[in-house]
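Below, each chain spelled out in residue letters.
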Amino acid sequence: MSFRIRHCVECPQCHTWYLVGFSPYRNRAYLVRTGTRSFDEYTLYCFCQGADSPNVCRWAEAKACEVSKSAHQRGYGALDEIWLLERGSREASVDISRYLHLQR
Ligand SMILES: [Zn+2]
């Protein structure tokens, strides 16, 4: 398995992680950049609550995540496909220090 480091935004309802730059997504969710400050912030529209009323998550902060190949091809993924780097993992197979240049 190969992994990539990407910035992702999480839907707080269904805990799906969306990769920044892949919007709109195949499940109709989409991401709008709203950040005006020094870090990236987004508004996420996720249809996990039903097709008619998107779950709107405002000011979601993009976070550096380790993304599996399948999730990267899809543009989003579940918790078992995308791992938040800052959360830390004892089983991490990737040396996180190699990716510190991605963090601001
Ligand atoms: Zn959702």
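These figures come from a predicted structure and were not determined experimentally. (Residues numbered from 1 in each chain as written. Predicted model: local features only at pLDDT ≥ 70, side-chain atom pairs only at ≥ 80, totals over all residues. Heavy atoms only, no water.)

A. Looking closely at the pairing of strand β1 (residues 3-10). With six bridges joining them, β1 and strand β6 (residues 63-68) adopt antiparallel strand pairing. Paired with H7 across the strands is A64, a residue of β6. (Pairing = 2+ DSSP bridges. Helix = DSSP H or I, 4+ residues; strand = E, 2+ residues; numbered from the N terminus.)

B. Highlighting the environment of R4. Inspection of the secondary structure puts R4 in strand β1. Since its relative accessible area comes to 35%, R4 is described here as partly exposed. For the pair R4 and K69, spaced 65 residues apart in the sequence, the C-alpha separation amounts to 7.3 Å. With near-sequence residues (within four places) excluded, R4 lies in contact with C65, E66, V67 and H72. (Buried < 20%, exposed > 50% of the residue type's maximum accessible area, 1.4 Å probe, protein only. Contact = heavy atoms within 4.5 Å.)

C. Just the coordination of the zinc ion, in detail. With distances of 2.2 to 2.3 Å, the protein atoms coordinating the zinc ion are C11 (SG), C14 (SG), C46 (SG) and C48 (SG). Metal-centred angles of 104 to 117 degrees between the four donor atoms at the zinc ion mark the site as tetrahedral. Motif for the zinc ion, donor spacing along one chain: C-x2-C-x31-C-x1-C. One end of the pair, C11, is in the loop between β1 and β2 (17-19); the other, C48, is in the loop between β4 (41-46) and β5 (55-61), with 37 residues separating them in the sequence. Here C48 falls in the partly exposed class, since its relative accessible area comes to 33%. (Donors = N, O, S within 2.8 Å, 3.2 Å for Na, K, Ca; no water. Tetrahedral: all angles 85-135°; square planar, octahedral: opposite > 155°, others 65-115°.)

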